[in-house]
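Results of the structural survey
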Amino acid sequence: MEKFTFFWQDKSPFSQFHPAIFRLGDLLFTCAEQYMMFKKAEMMGDQATAAEIMATPYNPKKYKALGRQVKPFNKELWDKKCKDVVYQGNFLKFTQNPKLLHALYETAGTTLVEASPFDAIWGIKLGPDHPDRFDRSKWKGKNWLGEVLTQLRTDLMTGERV
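Residues numbered from 1 in each chain as written. Predicted model: local features only at pLDDT ≥ 70, side-chain atom pairs only at ≥ 80, totals over all residues. Heavy atoms only, no water.

On the secondary structure map, Arg153 appears in helix α6 (residues 144–158). For Arg153, a relative accessible area of 6% translates into the label buried. Within the structure, Arg153 has its side chain in polar contact with the side chain of Thr107 (distance 2.9 Å). (Helix = DSSP H or I, 4+ residues; strand = E, 2+ residues; numbered from the N terminus. Buried < 20%, exposed > 50% of the residue type's maximum accessible area, 1.4 Å probe, protein only. Polar contact = N/O pair within 3.5 Å; in protein donor to acceptor, adjacent residues only side chain to side chain.)

Considering the arrangement of structural elements, one finds Thr95 in helix α4 (residues 75–95). In the structure, Thr95 is positioned 67 residues away from Leu28 in sequence and 14 Å away in space, judged by C-alpha atoms.

Before going further, it helps to spend a moment on helix α2 (residues 47–55). When we look at burial in α2, the residues that qualify are Thr49, Ala50 and Ile53. Down the axis of α2, the buried side of the element spans an arc of 105°, and every buried residue falls inside it. In this structure, α2 carries Gln47, Ala48 and Ala55 as exposed residues pointing more than 90 degrees from its buried face. Contacts made by the buried residues of α2 are with α1 (32–43) and α3 (60–68). (Arc of directions from axis to C-beta. Contact = heavy atoms within 4.5 Å.)

The topology assignment puts Thr110 in the loop between α5 (98–105) and β4 (111–114). Sequence-distant contacts of Thr110, that is, excluding residues within four places in its chain, are made with Lys3, Phe4, Thr5, Thr150 and Arg153.

One way to put it is that α1 packs onto α4 with a least axis distance of 9 Å and a crossing angle of 140°. In terms of orientation, α1 lies oblique with respect to α4. As α1 packs across α4, the resulting crossing turns out to be right-handed. Contact with α1, carried on its side by Ala32, Tyr35, Met36, Lys39, Lys40 and Met43, involves Leu77, Trp78, Lys81, Val85, Val86, Gln88, Gly89, Asn90, Leu92 and Lys93 of α4 and no other residues of that element. (Axes fitted to C-alpha atoms, helices over the stretch in contact; angles between N-to-C directions. Parallel < 35°, antiparallel > 145°, perpendicular 65-115°, else oblique. Left-handed = near helix turned anticlockwise from the far one by under 90°.)

Take a look at the structure:
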């Protein structure tokens with residue numbers, strides 16, 4: 001029987017909003033959401049929004065809002081690349097923060113699930129206490145974040161794709 005690790009909101013180390021300082025070259029990020037939205041803006045060629053995202057002190061909701069303003073936006077390109085972006089951001093986050101990496105390893109043997117009642121793409125669109133959360137067939141979302149994190153954990157533990 002499949003076991004799950006449910007998470008939601010920034011108190012969880014698995015949330016994109018969880019405060020976690022990490023670097024990519026000379027860039028310093030405050031959380032994985034900032035990385036994701038920066039990369040989205042950069043991918044679309046919106047340097048002004050990318051700069052604003054990087055100039056904003058820790059504020060995941062603002063990063064998300066700025067990411068929604070990226071122009072021009074190519075949905076097809078983003079949909080094709082977004083999981084890789086989130087994977088890379090979380091790779092940096094977890095490998096540069098040993099306590100977070102330990103927390104990720106502690107979930108071994110489970111599928112990570114973003115139990116967000118609001119997100120039908122990155123989460124399951126069911127809350128962390130919803131009785132249907134244990135039944136994949138009743139999920140109302142895709143759980144892309146959970147899939148990415150589960151794959152990242154597997155890759156880090158086995159030495160694959162790192």
